[in-house]
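# Observations on the three-dimensional arrangement
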Amino acid sequence: MGRNFKKKVTPLLLTAPANFWLWAFFTIPLISILWLSLTTGNTLDGFTLTWNFGIYPDAVSQYSEQFGRSFLYGGISTALALIFMYPVAYWIAFRGGKYKAIFLFLLLLPFLVSFIIRILTWQFILADNGIVLSALKDIGLVSQNAHVLSTPFAVIAGLTYDNLPWMALPVYVALDGIKRDQIEAASDLYASGYQRFRTVILPLSAPGIYAGILLVGISSVGDFLSAQILGGPSTTMIGNIIQTQYVQNQNYPLASALSLVLMVALLAFVVLYGRFFGSKTLKEFAG
Amino acid sequence: MDPKRPENETAWMRGLTQPRLSRRQLVHGAAGFAVLTALGPALAACGVGGTKGTGSAEDVDWTAWWQEQNATKNLSFANWPLYIDTGGGGKHPSLEKFTKESGINVSYKPVIRDNAEVLLQDQPGPPAGDPIGYDIIVMSNGWELGQLIANRWLTPLDHSQLPNFKKYAGEVATRLAYDEDLEYSAVWQAGVTGIAYDPKLTGGEIDSVEALFDPKFKGKVGMLSDNDEVGSLGLLALGIDPATSTYDDWKKSAAKMKEQRDKGIVRQYYDNSYVKALQNGDVALTQAYSGDIFQSNNSGYPDLKFVVPKEGAMLWRDNSVIPLHAKNPVSALKWIDFYYKPENQAMIEDWINYISPVPDAQAIIRDELDDPTVADSPLVFPPQSMMDQLREYPLNYTPETQKQWAGLFDPIIQS
């Protein structure tokens, strides 16, 4: 008893709420979804377990296009978010001075508005006769029939925009945590600006980049609102399909199977990504 | 339009405040969510039971049941927002008049927009069942209503207590393909899915569904993302009556709609955001719900036009239904009968402006309420010539037919 017992029980007690949370709201629903995906039936007559594993190859082949598109759009928007936000985070971390908090606040300010409202505003701005396109059309820069909405460009732009803070914040935290001494040391050792960035700052900010890519990548691959509001007839993402199958068609087995396939695919991505770039990043970057 | 007219203000207000989601789609979402949520407990019991026939027993003698019901002094009424006459201070003159005449207090809840639990709660637990808490809810025609009926989750109407309905209900309310014997549904309002267009962009009048397939408008045609609407349009274009169409017809329709999409004619499959797309000029012409365009005309877009094409247009309806185990069923019947009386209907209709189920309200709105704009609108009181052009939706309400239908048209809408 005494200390040993405490040592064993304390962590259990401390993690109990999280454990409960994960079991009640993640593990059990996940098992339910797996089970549901193997049933057949409809809501009126009920669903019975028929071990219908055939639904998985069917779901994948039927919607392979949308799966591929989701990963493509998600990948592009993640890369864009990184390209856009790294310099911003860098600037705030190293040049923000005493106004850092204000700059960060300004960066996040638009995101205090509901996503739906922001994306609807995009829809308004990018409309065929909206403020951007009508001006470009008037001066003859784009053809009269040009449109941005309903194109993959609009969907990817929407995805990227929505995820900017999730890239900016972890990268900023990583950059801000770099000790200035280390950069000074690099300078003292006659590192050029590029070398300093390449061998010191970039490797030290890698954990932030890693986290940012995970956060942005996962949420944009599964997104459906951007495609629904800014997309066109050929930009449907897998999230849209799952939503339709669940809510409108009540095809629970198919929707469950699609959700699980998406989850497994994302999981595979995370595992591979972690293996190649995760914990090793620091060392590899440093060469 | 006289800007001093209060109707314009209310219409304008509604134009600003109405959700950008279609009524029909909202019901889809809500019912889906309801069943989805109901899945939880079912799963816990290690099996998802069907809901069919889980309501009242099959052999209830409803005539006898109605005779046992006593009049009460309360009525709880759940409706869509902004879907009843509303005066100053948010009061509803028709409801006040009803209370004055009948002594029944109405608890009016315009909750059906964002409170999916309303439909979720409409799952009576056997055997006695819990009342949903509402005596009347307003549901669109569609497979959701079909499912409520198949589940026997509704109370059949007692038409012997609805003399005004019998006397005044127009064709809109009496010819229901989804409830032929009017067993459950008393139409609250109806509407038309036709074509809306901007004459400046189309360069002329539109009078045929063929315009939606015209390569001239490539990339400028809007379609609704509701598979019922897309599939029915294909049937209309092929000259097939949707109400009596078969699976083979549906396949032909799907082929036609797929071709329209693959040729790049369709700009997008829209939810109610088609209104904005039309206003912004993203589309030149689009499938559209009649009421939305009427409101757009009154809120800064007077040039937009709505047409019932010569091949026909779809007629949808929102129905008052009485949930099973409602606490005040007699009050519910009294209210239904009240709003079918032309003078009462006129009060409500002059504000809502969708299609009225009571044709006799027209003269009252024109002469007594002095509002010829509404009274003479063919989209509020359709003349017989227009009624003849309005079509009923295909009977795709059973799980099998619904699966067939969705299997054909979803891949077109979402590809």
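Structure: see above.
First, a word on what this report is: a plain description of the structure on this page. (Residues numbered from 1 in each chain as written. Chains lettered and ligands numbered in written order. Predicted model: local features only at pLDDT ≥ 70, side-chain atom pairs only at ≥ 80, totals over all residues.)

## So, the environment of Phe165 of chain B
Residues and elements named next belong to chain B. Residue placement: Phe165 occurs in helix H7 (residues 163-168). Judged by the 23 C-beta atoms lying within 10 Å of it, Phe165 falls in the buried class. When the C-alpha atoms of Phe165 and Asp249 are compared, they prove to be 36 Å apart, with 84 residues separating the residues in sequence. (Helix = DSSP H or I, 4+ residues; strand = E, 2+ residues; numbered from the N terminus. Buried ≥ 20, exposed ≤ 12 C-beta atoms within 10 Å, placed from the backbone.)

## Structural notes on unusual backbone geometry
For residues besides glycine, phi is generally negative; the peptide bonds are generally trans as well. Residue and element names in this part refer to chain B. One non-glycine residue, Leu182, adopts positive backbone phi at about 55°. Note on placement: Leu182 falls in the loop between helix H8 (171-174) and strand S6 (186-197). On the basis of neighbour counts, which here come to 19 C-beta atoms within 10 Å, the residue Leu182 falls in the partly exposed class.

## Considering the interface of chain B and chain A
Counting residues at the interface gives 28 residues for chain B and 28 residues for chain A. At the level of elements, helix H2 (23-44), strand S1 (48-49), helix H6 (143-150), strand S8 (266-270) and helix H19 (399-413) of chain B are the ones that each hand at least two residues to the side of chain B that touches chain A. When residues in the side of chain B that touches chain A are grouped by element, the largest group, 7 residues, is from H2 of chain B. Looking at the side of chain B that touches chain A residue by residue, the class counts come to 10 nonpolar, 13 polar and 5 charged. In this structure, strand S2 (residues 46-49) of chain A lies alongside S1 of chain B, joined through 2 bridges in antiparallel fashion. In the strand pairing of S1 of chain B, Phe47 of chain A is matched with Val48 of chain B. (Contact = placed C-beta atoms within 7 Å. Nonpolar A, V, L, I, M, F, W, Y, C, P; charged D, E, K, R; others polar. Pairing = 2+ DSSP bridges.)

## Brief notes about the nonpolar core
Within the largest apolar cluster, 107 residues are counted, with the highest numbers of intra-cluster contacts made by Ile195, Ala196, Leu285 and Phe409 of chain B. The element contributing the most residues to this core is S6 of chain B, with 8 residues. Two domains share this core, each providing at least three of its residues, namely domain 1 (23-191 + 316-384) and domain 2 (192-315 + 396-413) of chain B. Not counting residues up to four positions away in its chain, the partners in contact with Ile195 of chain B are Ile206, Val209, Ala211, Leu212, Leu285, Gln287, Ala288, Val307 and Pro309 of chain B. Among the nonpolar cores identified, the runner-up in size contains 30 residues, and Leu126, Leu149, Ile229 and Ile242 of chain A belong to it. (Core = buried A, V, L, I, M, F, W, Y, C linked by C-beta atoms within 7 Å. Domains from an automatic or database assignment.)

## A short note on the sheet that holds S2 of chain A
Ordered in space as S1(A)-S2(A)-S1(B), the 3 strands form an open sheet in which the pairing is antiparallel. Either end of the sheet is taken by a strand with one partner, and the two such strands are strand S1 (39-42) of chain A together with S1 of chain B. In this structure, S1 of chain A lies alongside S2 of chain A, joined through 4 bridges in antiparallel fashion. Note that in S2 of chain A the partner of Asn42 of chain A across the bridge is Gly46 of chain A.

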